[in-house]
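Fold and contact review
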Amino acid sequence: MVFRNLTISYEIIKTLKKPSLGLQIRSISSLKVVWKKDTRLDEAIEQDKRYKLCARVVKEVLNEPGQVISLRYLEKRRERLRLTSKAKSFIEMNPSLFEIYYDRIKPKSDLVQFIRPTPRLRAFLDEEQRIYAENEPLIVSKLCKLLMMAKDKVISADKLVHVKRDFGFPNDFLMKLVQKYPNYFRLTGLPEEGKSFLELVSWNPDFAKSKIEQRAEDEALKTGVRVRPNFNVKLPSGFFLRKEMREWTRDWLEQDYISPYEDVSHLDQASKEMEKRTVAVVHELLSLSLLKRVPVPTLGKFCDEFRFSNAFSSVFTRHSGIFYLSLKGGIKTAVLREAYKDDELVDRDPLLAIKDKFLSLLEEGWQERKDRLKQQREQVQKDRELMLAAESNEPKERLCD
């Protein structure tokens, strides 16, 4: 059977040269790669800034009793919510999200302004639940995969709740999925003390296949040639590796791929095989995420579960043809290069339909506000013209005969 590695890009292959037989490849710890800014991938992160702000405020209001809050209380939380304008201005700039009404905080207190979700936002929330239900098998497989990659097949429930947005899990995913799928999940520990853990009950071999392995299988079916699983490496425009790094990269890619679902308890943490496995796990985690990017501090919370070393974040610069380390917004974010074409996400998760509908809701409100302001300006201009016309038609008072 013929083996081909069709996933290594031409950009890398054409720059790699065979070292002489007597040359020893230097250890990875001694090889340095200069970080280079990728403007297009930074733009992809920047584009989500307004969407994330709106989602944050919606979450804040929905967590309130009755899903209402006074504007005064919301204003006090402005700094925590990272609002760049006053709370009332934010509500007015996003008319599709909330409506303002008057109510009393206490029975005999004065009327004050409150906000509540608009009917359109409530309709979106219903649609969100429908999309979650429709994609429940995908959510179950993602959660199983996270546990299957973890040491001892168990992860802190608190940590999973912390990353639910990154992977597209619904708010109630823990309680709902544990009850519905006891063949896969079990909660252990002391939830009331914040010491609960999610445990994998049974191993599903269908889930134990990484994105890279699945891609190789799909390619083999398409071409009729058995394809060796490997990383898709593509250096960004204007980025060059020094000779020793090119040689190390070539040799590293030629090593056997280690699945993130393999048992690696026997591997030494400092071995080259563990380096390969760490990259495979990070690649799989980013592939499972909604936007194919995750803040590095978030990944760092799982060092113990996924057997990452304390210096695991260095893989993002060492393997800059696989990952991009963005510094946008003062936060280090690991981005999977192959999932993007310029600043556009091309490897789209089905659960992104929720984000798409939320963005449509926001844009609908923004357009309405824009049209309303335009009408107001036109009305002011019309009133001014009428006033000037009336003044010009008034008879002028004669000062003398």
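Reference entry: report on the structure contained in this document. In this text, all values refer to a predicted model and were calculated from it rather than measured experimentally.

1. Observations regarding the packing of helix α7 (residues 119-134) against helix α17 (residues 352-393)
- The interhelical angle for the contact between α7 and α17, taken along N-to-C directions, is 165 degrees, at an axis separation of 9 Å. With respect to each other, α7 and α17 are oriented roughly antiparallel. The handedness of the crossing between α7 and α17 is right-handed. Residue-level contacts link R120, L121, F124, E127, E128, I131 and Y132 of α7 to A353, I354, K357, F358, L361, E364 and E368 of α17.
- Split by residue class, the contact of α7 with α17 holds 8 nonpolar, no polar and 6 charged.

2. Digging into the sheet that holds strand β6 (residues 185-190)
- Taken in spatial order, the 3 strands of this open sheet run β5-β7-β6, and their pairing is antiparallel. Since the sheet does not close on itself, it has two edges, and those belong to β5 (154-156) and β6, each with one partner. Adjacent strand axes in the sheet meet at a mean angle of 25 degrees, parallel and antiparallel pairs treated alike.
- Sheet topology note: the β5/strand β7 (residues 195-200) ladder contains 3 bridges and is antiparallel. Pairing of I155 across the sheet is with L198, part of β7.
- Relative to β7, helix α8 (residues 136-149) is tilted by about 100 degrees, and along the sheet it contacts β5, β6 and β7.
- Docked against the sheet, helix α11 (residues 173-180) engages β6 and β7, running at close to 125 degrees with respect to β6.

3. Quick word on the pattern of salt bridges
- Enumeration over the complete set of coordinates arrives at 31 salt bridges.
- Close ionic contact of E46 with K328 constitutes a salt bridge, the shortest N to O distance being 4.0 Å. Taken together, the positions of E46 in helix α2 (residues 39-46) and K328 in the loop between β10 (323-326) and β11 (333-336) put the pair 282 residues apart, joining distant regions of the chain.
- The partly exposed category is assigned to E46, whose relative accessible area is 35%.
- Assessed through its relative accessible area of 32%, K328 is described here as partly exposed.
- Ionic pairing is found between K211 and D347, a salt bridge with its closest N-O pair at 2.5 Å. Of the two residues, K211 is situated in helix α12 (residues 211-223) and D347 in the loop between β13 (344-345) and α17; the sequence distance between them amounts to 136 residues.
- Overall, the relative accessible area of 23% leaves D347 in the partly exposed class.
- Taken together, the salt bridges that share partners define one network made up of E60, E64, R77 and R80.

4. Concerning α7
- Over its 16 residues, α7 extends 23 Å from the first C-alpha to the last, a length consistent with the 22 Å expected when each residue adds 1.5 Å.
- Buried within α7 we find L121, F124, L125, E128, I131 and Y132. Looking down the long axis of α7, one finds its buried residues gathered within 120 degrees of arc, a one-sided arrangement. In α7, those exposed residues whose orientation departs by more than 90 degrees from the buried face are P119, D126 and E134.
- Among the structural elements, α3 (49-62), β3 (98-104), β4 (111-117), α8, α10 (164-167) and α17 are those in contact with the buried residues of α7.

5. A word on the nonpolar core
- F98, F185, F231, F316 and F358 are the most contacted members of the largest nonpolar core, which has 98 residues in total.
- No other element matches α8, which puts 8 residues into this core.

What counts as what
Residues numbered from 1 in each chain as written. Predicted model: local features only at pLDDT ≥ 70, side-chain atom pairs only at ≥ 80, totals over all residues. Heavy atoms only, no water. Axes fitted to C-alpha atoms, helices over the stretch in contact; angles between N-to-C directions. Helix = DSSP H or I, 4+ residues; strand = E, 2+ residues; numbered from the N terminus. Parallel < 35°, antiparallel > 145°, perpendicular 65-115°, else oblique. Left-handed = near helix turned anticlockwise from the far one by under 90°. Contact = heavy atoms within 4.5 Å. Nonpolar A, V, L, I, M, F, W, Y, C, P; charged D, E, K, R; others polar. Pairing = 2+ DSSP bridges. Salt bridge = Lys/Arg side-chain N within 4 Å of Asp/Glu carboxyl O. Buried < 20%, exposed > 50% of the residue type's maximum accessible area, 1.4 Å probe, protein only. Expected span 1.5 Å × (residues − 1). Arc of directions from axis to C-beta. Core = buried A, V, L, I, M, F, W, Y, C linked by side-chain atoms within 4.5 Å.

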